[in-house]
Amino acid sequence: MTRVPLIDRAATTPERKELLDSIHGAFGVTPNMFRAVANSPAALKSLWGSFGALGGGVLGARLAEQIAVAVADRNGCEYCLAAHTMLGKNAGATAEQMRAAQNAESTDPKVRVALQFAARVVDTRGRVSDADVKTVRDAGYGDEQIVEIIAHVALNLFTNYVNNALAVELDFPATRLRNAA
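This structure is a prediction, so every number in the text was calculated from the model and none was measured.

Conventions and cut-offs
Residues numbered from 1 in each chain as written. Predicted model: local features only at pLDDT ≥ 70, side-chain atom pairs only at ≥ 80, totals over all residues. Heavy atoms only, no water. Axes fitted to C-alpha atoms, helices over the stretch in contact; angles between N-to-C directions. Helix = DSSP H or I, 4+ residues; strand = E, 2+ residues; numbered from the N terminus. Parallel < 35°, antiparallel > 145°, perpendicular 65-115°, else oblique. Left-handed = near helix turned anticlockwise from the far one by under 90°. Contact = heavy atoms within 4.5 Å. Nonpolar A, V, L, I, M, F, W, Y, C, P; charged D, E, K, R; others polar. Salt bridge = Lys/Arg side-chain N within 4 Å of Asp/Glu carboxyl O.

Draft legend 1. Spatial organisation of the packing of helix 1 (residues 14-27) against helix 3 (residues 41-55). Closest axis-to-axis distance for the helix 1/helix 3 pair is 10 Å, and the angle between their directions is 30 degrees. Here helix 1 lies roughly parallel to helix 3, going by the angle between them. Both helix 1 and helix 3 take part in a crossing whose hand is left-handed. Every residue of helix 3 that contacts helix 1 at Glu-15, Arg-16, Leu-19, Leu-20, Ser-22, Ile-23, Ala-26 and Phe-27 is listed here: Pro-41, Leu-44, Lys-45 and Trp-48. When the residues that make up the contact of helix 1 with helix 3 are grouped by side-chain class, the tally is eight nonpolar, one polar and three charged.

Draft legend 2. Seen up close, the pattern of salt bridges. Evaluation of the coordinates by the stated rule reveals eight salt bridges. The salt bridge partner of Asp-123 is Arg-74, with a shortest N-O separation of 2.9 Å. With Asp-123 in helix 7 (residues 109-123) and Arg-74 in helix 4 (residues 61-75), the pair connects residues that are 49 residues apart, well separated along the chain. Each member of the salt-bridge network shares a partner with another, and the members are Arg-9, Lys-17 and Asp-21.

Take it as geometry only, folks, not as evidence of what the structure does.
So, in structure tokens, the structure goes:
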């Protein structure tokens, strides 16, 4: 059971309602994670703003979702793994591509380097080496893309921690974790 109330967008403050209505419009539903985060309008505004900003970034939706599942699997976040697996499929990834992404793997060498870099950022708590950055750069990623990979990791760390710490109830089809620490 979720450790905080799930805010009902029909019975809340105008500020929360406006944000939750926007989220509902984007997804067609209001996912439990956003309803939990809505306990803090500031956190919800930050979270939703980050999704919007990174959604307009240079990495593309499919790679962003693959990064999200790699991070979720490492952090043992069943909620994010389930949500981003579904969103990845909606962005054109196959089920096999999303399973591979859980292990920071891909048959596409450039995608594999990005996923392995994202996993390295998680595993080292951001303390990657010069060689790690060189590897991602040598794969064809520029500074803008490298910073966005890190931004996606950071956003997903926040959502993983919210879902894990608050035991947010799953409202997406479950996906099996593979590498949780």
